[in-house]
Amino acid sequence: RGLGDVYKRQSQFIVDSTLGLITPHVVPALLFLVGVIISFATGTSWGAMAILLPIGINMAVGFGVSIPMTIGAVLSGCLFGDHCSPISDTTILSSAGAECNHLRHVATQLPYASLVAVICLFGYLVAGFTGSPWPSLIGGIAVALVVVIATRVFGNKEAA
């Protein structure tokens, strides 16, 4: 019995425990949120991915959800949490390299990254309910364009 067997049993337990509680439509969004929480709390995207990918792939198979979409939800959630975590090594090194206050650096990252995370969360919900990533991709591009245009039109004129 190797480590792979242990992961498989543990992730199968999670899938069996959630089969009656959640619908397949919310699996990508749920895995995105769990990835955000784990990576933000631990400060590591790679560690969170190592924890969540075996569970997420097994959930995708068990619920009949797209495996690539599930992997994307896990990876993007883990990257967001790591990017915004005040205990992440990349966040600490970024603020140290820029010679700025660490907590101020974290505070400036949160609004921008959180906007993207909310858009992604809705995108994973739409993709889960439609079964296709295309509506989410088109909607995400449209929202990004609106944000860019609104920033150009209504943004701070003094910064230019």
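Note that the structure is predicted; figures quoted are calculated from it, not measured.

Undergrad: Give me the lowdown on helix 3 (residues 45-63), citing residues and values where you can.
TA: Along helix 3, the helix axis deviates most sharply at Leu52, where the bend reaches about 35 degrees; the proline Pro54 sits within four residues downstream. Of the residues making up helix 3, those classed as buried are Ser45, Ala48, Met49, Leu52, Ile55, Gly56, Asn58, Met59, Ala60 and Phe63. Near the N-terminus of helix 3, the side chain that reaches the backbone nitrogen of Trp46, with its oxygen 3.4 Å away, is that of Thr44. Two residues or fewer after helix 3 comes Gly64, characterised by a positive phi angle close to 75 degrees.

Undergrad: Would you mind going over the side chain of Thr91 in detail, with residue names and values included?
TA: Secondary-structure assignment places Thr91 in helix 5 (residues 89-97). Once residues within four sequence positions are removed from consideration, Thr91 is found in contact with Asp82, His83, Ser85, His102, His105 and Val106.

Undergrad: Quick rundown of the confidence of the model for the chain? Include the residues and the values.
TA: Mean pLDDT over the chain stands at 85; residues scoring 70 or higher make up 93%. When mean pLDDT is compared element by element in the chain, helix 2 (residues 27-42) scores highest at 94, while helix 1 (residues 3-18) scores lowest at 73.

Undergrad: Provide a residue-level description of the environment of Asp5, including the pertinent values.
TA: Assignment of secondary structure puts Asp5 in helix 1. Residue Asp5 is classed as partly exposed on the basis of its relative accessible area, which comes to 39%. When the C-alpha positions of Asp5 and Phe32 are compared, they lie 25 Å apart, and in sequence the two are 27 residues distant.

Conventions we followed
Residues numbered from 1 in each chain as written. Predicted model: local features only at pLDDT ≥ 70, side-chain atom pairs only at ≥ 80, totals over all residues. Heavy atoms only, no water. Bend = angle between axes of the 7 residues up to and from the residue. Helix = DSSP H or I, 4+ residues; strand = E, 2+ residues; numbered from the N terminus. Buried < 20%, exposed > 50% of the residue type's maximum accessible area, 1.4 Å probe, protein only. Polar contact = N/O pair within 3.5 Å; in protein donor to acceptor, adjacent residues only side chain to side chain. Contact = heavy atoms within 4.5 Å. pLDDT = per-residue confidence, 0-100.

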